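Structural features, examined
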Amino acid sequence: DAKTTQPNSMESNEEEPVHLPCNHSTISGTDYIHWYRQLPSQGPEYVIHGLTSNVNNRMASLAIAEDRKSSTLILHRATLRDAAVYYCILRDVGETSGSRLTFGEGTQLTVNP
Amino acid sequence: DAGVTQSPTHLIKTRGQQVTLRCSPKSGHDTVSWYQQALGQGPQFIFQYYEEEERQRGNFPDRFSGHQFPNYSSELNVNALLLGDSALYLCASSLSGAWSQPQHFGDGTRLSIL
């Protein structure tokens, strides 16, 4: 599976936008970019995913570079409830790996009041 | 719409014992994956079950085994427990063939080995 690189930690202030970067220079043409987050004492929660175009949903936006070697998860107005570990994952949909998710160590986001 | 449910939420065992963890997938899902999450680490894939068979396996020893039932629920069994097996065990469900779609996770079983 292609590897992703994320900063270990980031800090933000409440009600400000947050941009969480992810590098994936070895991404293949069939890799989807998925973001999950994990709040304390909970299982991972799906946030957003995309293939080539930028994506928006009620939780966040995903900006994908034109060469697809990097992406950015955007939280438009951070709240205290957004404090979590954010994982950027490449989802290999090839025949041999199916729906396995390969997690890295993620980015610990701290939101200051 | 019930999400993924896991039981028990917490469990304490001693070295050498055996443990069984249980998972009910989200309604409409037919594939169950299990992950192990050590403290401070990201989840690591153990194996995946679909149509009552193990379809994929991560880098875990044979002490880790599983089962899927006709109603798609699943069990994770770990034999000869080691101290290093202490972790959060997560179950995730998904729909076969919809590989680009998200997996849905339960809140896990916290297993402590004394």
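Preceding this paragraph is the structure being described.
For every chain, the first residue of the written sequence is number 1, and numbering continues from 1 along that sequence. Following the order in which they are written, the chains are lettered starting with A and the ligands numbered starting with 1. Given that the model is predicted, a residue must reach a pLDDT of at least 70 before its local features are reported, and side-chain atom pairs must reach 80 or more before they are shown or counted; all residues, however, enter totals for whole chains, interfaces and linings. Side-chain metrics in this entry use all non-hydrogen atoms of the structure; hydrogen atoms and water are not considered.

**Focus: the overall build of chain A**
Stated precisely, the cut-off is as follows: For the purposes of this entry, the term helix denotes a DSSP run of H or I that reaches at least four residues, the term strand denotes a run of E that reaches at least two, and both are numbered from the N terminus. For this measure, only C-alpha atoms enter the radius of gyration; the expected value for a globule follows 2.2 Å times N^0.38, where N is the number of residues. Buried, partly exposed and exposed residues are distinguished by accessible area as a fraction of the type maximum, computed with a 1.4 Å probe on protein chains only: under 20%, between the cut-offs, and over 50%, respectively. The contact rule is simple, with two residues in contact once any of their heavy atoms fall within 4.5 Å. Surface exposure here means Shrake-Rupley accessible area, sampled with a 1.4 Å probe, where a residue is shielded only by the protein chains that are shown. His is not counted here, nor are the chain ends, while Lys and Arg score as positive and Asp and Glu score as negative. A charge is said to be at NZ when it belongs to Lys, at CZ for Arg, at CG for Asp and at CD for Glu.
Looking only at helices and strands, chain A has zero helices and nine strands in total. Starting at the N terminus and walking to the C terminus, you meet the elements of chain A as β-β-β-β-β-β-β-β-β. Expected size for 113 residues packed as a compact globule is a radius of gyration near 13 Å; at 14 Å, chain A falls within 12% of this value. Along the three orthogonal principal directions, the C-alpha set of chain A runs to about 45 × 30 × 25 Å. Looking at chain A residue by residue over its 113 residues, the buried ones come to 44%. Summarising the internal contacts of chain A: among those between residues at least 6 apart in sequence, 57% fall at separations of at least 24. For chain A, the exposed area adds up to about 5800 Å²; of that, 46% sits on carbon and sulfur atoms. Looking at charge distribution, chain A has the averaged site of its 9 positive side-chain charges lying 4 Å from that of its 13 negative ones.

**A few points about the layout of surface pockets**
Note the threshold: In this analysis the probe radius is 1.4 Å and the grid spacing 1 Å, with only protein atoms considered; a cavity is a set of points the probe fits into but cannot get out of, a pocket is an open set with protein on both sides within 12 Å along at least five of seven lines, and lining residues have an atom within 4 Å of a point. Grid points are joined across faces, edges and corners, and a volume is the space filled by probe spheres set on the points. Each residue is assigned to one of three groups, with Ala, Val, Leu, Ile, Met, Phe, Trp, Tyr, Cys and Pro labelled nonpolar, Asp, Glu, Lys and Arg labelled charged, and all others, Gly among them, labelled polar.
Roughly 530 Å³ of internal volume is contained in the largest pocket. Taken together, 25 residues make up the lining of the largest pocket; nearest its centre are A:Gln38, A:Pro40, A:Ser41, B:Gln37 and B:Arg110. Those elements that provide at least two residues to the lining of the largest pocket are strand E8 (84–92) of chain A together with strand E11 (109–113) of chain B. Broken down by element, the residue count for the lining of the largest pocket peaks at three residues, all from E8(A). Classifying every residue of the lining of the largest pocket by side-chain character gives nine nonpolar, 13 polar and three charged.

Coordinates in, geometry out; function isn't part of it.
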